[in-house]
Amino acid sequence: MRALDNIKNRVVFAFVVMMVAALAACSDGGTGSDSNSDSGDDSVTIQGNVPIAYVRRPVSTLGNPTDSIITGAGGDLYVRDRSSPSGSETNVTGSYTDGKGDVSDPEVSYDGKEVLFAMRRNGDAHWSIWEYNTETKNLRQISCQSSFAGDDVDPAYLPDGRIVFVSNRQIGSKTKMTADGGPVYTYHDEYEREETTALHVMNADGSSCQQISFNQSHDRNPTVLSTGEILFSRWDHVGERNQFTVFKVNPDGTNLFVVYGAHSPGNSYLHPREMPDGRLMSTTMPLSGTNEGGSLEIMDPNNYSDATDPGTSNPPPNQLGETRGQFQVTKLLFPSSPDAEHEAARGMGPASLGRYSSPYPLWDNTSRALVVYSPCRVLLDGQAVSCKDSRVKDQLDQYEEADPAYGIYMLSLTDKTLRPVVVQQTSYYYSDPVALQARPVPQVKSNFVPDTTIGSGLGLFDVNTVYDTDSRQRMGDAVLADGESIPRASGRPDIANLKLPGTTTFDNRVARFFRITKAVPTPGGLSREAIGETESEMQQIIGYGVIEPDGSVRAKVPSDTPITITALDKEGRAFTPHTHWIQAREGERRFCKGCHSSRLGTTNASGGNFLNDPATVGIHPGGTEATTMAQTRAADSTYAKLTRDPTFADYWTSLYNTRDSKTVTAQDPIAISYPNASSRTIKGPAHCADPATWSAKDCSIVINFPDHVQPILTAKCATSGCHNSSTSAAGLDLSATTSGSTGRYISYEALMVGTPILDSNGRPIINVNEDGELEIERESAAVTAGSARSSRLIERMYEQKLKAENPSTGTQRAFCRTGNSNCTNGATYVSHVGQAWSLTSSERRVLNEWTDLGGQYYNDPFDNSGNVRSSMAQLSETAFGCRVQPILQAQCASCHQPFSGNGSSENPVNGSFAGNRFILTGNVGADFSVAASMVTNLTDPDSSLLLYRPSRTETQTPSHPGSVARLPLGSDNYTALRNWITGGPSLGCP
């Protein structure tokens, strides 16, 4: 048996399940390389013969990236005296958990003597942070000193002695809610599932506890980089973007920025850690369905912004010899395996090469890492078998992946071996190994000194030029419509003429305004109907500003608030929605090179880049070589103050005329106000009603479809004889008629879903799709949520071809009045401009804003009485977990999972995901919350979305995909869900 310790060849994955148990019984023999090792060392002993710490938890706590906090019974912290299967292990927390508590997320101090971890003892209401001293064997609880309660997990030591951790306390957000005088509540993630976790910091004694990250969904897995910055994984979910990306932030919450993964293969980057050479090691996986396991990847964020986006002209190749920003470690271990086997670990379904989780790179100059690994297993007749089993190996895609058998392994990147350290046990798994060895202390980041001139409760956004865009041209030619252009010089945006009055380039510049919006935190139980048929969450507008001719922007924005900034055309329509929530601390100046610009693009000493090099673009009046136009205008203390309305007055032409002795005519002013009837859009103190006293910190613009959009549609569209129930032009009924199934106006459904195409007999045209299911043929939805410039509705309001094309022909399609004999062939085009019923610029503004914000039904989660738009209060979570969740998992979960790409060429956004907001991942508490959001009518449960849609088929309206109802009306499953809603007959639960 001793000979097993000397095996040098890499572990064959089929061997792991049977042999790991045998290895645990082997004695030491080994060929350890450490000169200080004793005769008992073996080849997996960490240099210096130091122990490791890790957790053992019940399999029931295995979740998904979207599950930030899961609690089970039987989790504990263990310390092993050596990284070998024969090492002796000690249960550190057993007397505290009593087999009924739980432990997670250990992290070691820089001297290797203390271990931070999260624990929820038997009987505790919440998780909290604890510390274990490996020398004294003492445990101490570190309690965040805050009046706001919550769960604290995922701790890590900061180099100055403080602690960063993840919490759903939301201290900063709730403090802001309190100051605003509104309801104070713990907000949920963007699936309405779980209380959102954010980064917090506190002193070593729990004092000065504060929130430093502000996101709508979870921030997870913080660790500290050698620079002193905090590296973490962020659930990045804005509109169709839906992934976990690697971010970093200073310990004081400043300079939050994306590090890697926004457009790289793989969806969710979890457990990122820095390696000694500055690269990152992380696991990559889908949003759900793999028990937080995926491929093990190494990324190079110092030379690449993304896998195919180098930041230098000659980036170094990776260990596979590829000029790419990342690679899968399994390609080192198994270089001859087909690409499909490596890629399988990034997705759902059986991963033939196994799955990895929570890596820990060692800092002992051995190029090794502790990793959590499970071999591939599938279910065969209800039993877990190896994917190498002859009965399944040739048809893995026909089988369901079994629960992983996670153990702890030592990975060597030099000799390409994977050796077992801690063997997996039945019903439990091992996770989060850390080496109890000293490592270099990172730099200490000094707390920033707030700029008090910015103003109380405000930060400052300073954008160099919106024309500095990325390779995807999201503020370039890709978002421009017919007749629009961004003139170029030497292949670059022609800033010199864009900023020079009297040129056609200046006169025709496309980017004119910017809009700042803020996320609305989602209260628990918010009804799905309140949000609507959209992938976007509720948002509110906090103001507008002008994009200067050189593309520069400066704006004072509310601090400690998730916000977006979007470039607009002269009509106030967004070019492309911003796809990250960003933040500023009070008194912080945030600088951006451009709009979606490359993170690693070259900049000059002034903080700009080639686009404002004075030798190329010249210097504007009053400016210097180091200032943009927006920075020059900032000498006026009121300049960066956001306004309620998009308003432009030509500032530069007269200055150029004076300097250059010219007589160029100034451009006409632009002012897009609100119609009087839309004054209800304003939210905040009384002074917000006056544009002159508008404050981005206190005021916001709320666009609710029934309150602000429908009155315009009723007055101008439905009553004009075109879009109503009797003369529904193009099948588009925009009248204020309430749908019996949703309680919303049918106009909303018509705009957001797309109207059925009728045959000559007035019946819906039904086709059979590639999956053999029936589906109704529909017009493209008139509104593309989040993009006015891509919406057919907006094109018709302006009679201007923008970006909304007929998907089948790529050409503009005319809508027709009902009864027009030419509607099918050679339709007569009815203009929506110049008519008595045409929309005014103020009315168009409301529809532009509503569309750009995401097409929500409401953008305020509370009704006029201050109550959450919810039906959750009377629903039982216990009964849900006992009876309802099993039904939903069996009948619905196969479709209703968060399948979504990240927009990269290798992992495009999955089109079938659009509109699928009912997300089930198996977490009882989270599934309860999202199911409750689908209970939209307590008095008439049969009309609630949770019952109404799955009891219909594709041929019915509103429809549910498929030719067979998932929950047939009157079936046992239907009745069980109905009883849960009504609180009626027993569900047979304990």
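Values in this document were obtained by computation on a predicted structure and should not be read as measured data.

*Asks:* Lay out the overall build of the protein chain with the relevant residues and their values.
*Replies:* On a plain count of helices and strands, the protein chain comes out with 19 helices and 44 strands. For the protein chain, restricting intrachain contacts to residue pairs at least 6 apart in sequence, the fraction spanning at least 24 positions comes to 64%.

*Asks:* Any chance you could break down the state of the cysteines for me, citing the residues and the numbers?
*Replies:* Linking two cysteines covalently through their sulfur atoms gives a disulfide. Summed over the entire model, instances satisfying the criterion amount to 3 disulfides. Each sulfur of the disulfide joining cysteine 144 and cysteine 209 lies 2.0 Å from the other. Looking along the S-S bond of the cysteine 144-cysteine 209 disulfide, the torsion reads about -110°, which is the left-handed sense. Placement of the pair is cysteine 144 in the loop between strand 7 (139-142) and strand 8 (152-157) and cysteine 209 in the loop between strand 11 (198-202) and strand 12 (210-211), with a sequence separation of 65 residues.

*Asks:* Give me the lowdown on the confidence of the model for the protein chain, citing residues and values where you can.
*Replies:* Residues of the protein chain with pLDDT of at least 70 account for 83%, and the chain-wide mean is 85. Counting interchain partners and residues more than four positions distant, the pLDDT-below-50 stretch residues 814-823 has 24 contacts. Every residue in residues 908-915 is under pLDDT 50, and counting partners more than four places away or in other chains gives 20 contacts.

*Asks:* Go over the nonpolar core, please, and point to the residues and values.
*Replies:* One finds Leu751, Leu847 and Trp850 to be the most contacted residues of the largest nonpolar core, which totals 48 residues. Of all the secondary structure elements, the ones that give two or more residues to this core are helix 8 (528-531), strand 35 (539-546), helix 12 (705-718), helix 13 (746-753), helix 14 (792-798) and helix 15 (841-853). Sorting elements by how many residues they give to this core places helix 12 first, with 5 residues. Once you skip the residues sitting within four places of it in the chain, leucine 847 turns out to touch Val709, Ile712, Leu713, Leu793, Ile794, Met797 and Leu839.

*Asks:* How would you sum up the environment of methionine 475? Please name residues and give values.
*Replies:* Among the structural elements, methionine 475 can be located in the loop between strand 30 (458-465) and strand 31 (488-489). Since its relative accessible area comes to 1%, methionine 475 is described here as buried. Placed 101 residues apart in sequence, methionine 475 and threonine 576 show a C-alpha to C-alpha distance of 7.2 Å.

*Asks:* Kindly report on the side chain of aspartate 645, identifying the contributing residues and their values.
*Replies:* Locating aspartate 645 in the fold gives a position in the loop between helix 10 (629-633) and strand 39 (647-648). Among the polar contacts made by the side chain of aspartate 645, one reaches the side chain of arginine 644 at a distance of 3.2 Å. Sequence-distant contacts of aspartate 645, that is, excluding residues within four places in its chain, are made with Tyr544, Ile672, Ser673, Tyr674, Pro691 and Arg845.

*Asks:* How would you explain the pairing of strand 27 (residues 407-412) if you had to name every residue and give the values?
*Replies:* The element strand 27 is largely enclosed, with a buried count of 6 among its 6 residues. The side-chain alternation of strand 27 yields two buried faces, one formed by Gly407, Tyr409 and Leu411 and the other by Ile408, Met410 and Ser412. Relative to strand 27, strand 24 (residues 368-374) runs antiparallel, the two sharing 6 bridges. Counterpart to tyrosine 373 in the pairing with strand 27 is glycine 407. Sheet topology places strand 27 next to strand 28 (residues 417-422); 5 bridges connect them, and they run antiparallel. Within the sheet, the bridge partner assigned to leucine 411 lies in strand 28 and is leucine 418. Once strand 27 ends, the chain turns through 4 residues before running back antiparallel as strand 28, passing lysine 416 with a positive phi of about 55°.

Parameters at a glance
Think of each chain on its own: its residues are numbered from 1, step by step along the sequence as written. Under the rules for a predicted model, residues below a pLDDT of 70 receive no local features and side-chain atom pairs below 80 are neither given nor counted, while totals for whole chains, interfaces and linings still include all residues. Remark: hydrogens and water are excluded; side-chain values derive from all non-hydrogen atoms of the structure. Runs of E in the DSSP output that reach at least two residues are strands. Runs of H or I that reach at least four are helices, and both are numbered from the N terminus. What makes two residues a contact is simply this: any of their non-hydrogen atoms within 4.5 Å. Counting rule for disulfides: a pair of cysteine sulfur atoms within 2.5 Å. Per-residue confidence from the predictor is given as pLDDT, running between 0 and 100. Here, nonpolar core means buried Ala, Val, Leu, Ile, Met, Phe, Trp, Tyr and Cys residues that are tied together by side-chain atoms lying within 4.5 Å of each other. Burial here depends on accessible area, computed with a 1.4 Å probe over protein chains only, as a share of the maximum for the residue type. Under 20% is buried, over 50% is exposed, and the range in between is partly exposed. Polar contact is defined as a pair of N or O atoms within 3.5 Å, subject to the rule that within protein one atom must be able to donate a hydrogen and the other to accept it, and that residues adjacent in sequence are counted only when both atoms are side-chain atoms. Two strands are counted as paired when DSSP detects at least two bridges linking them.

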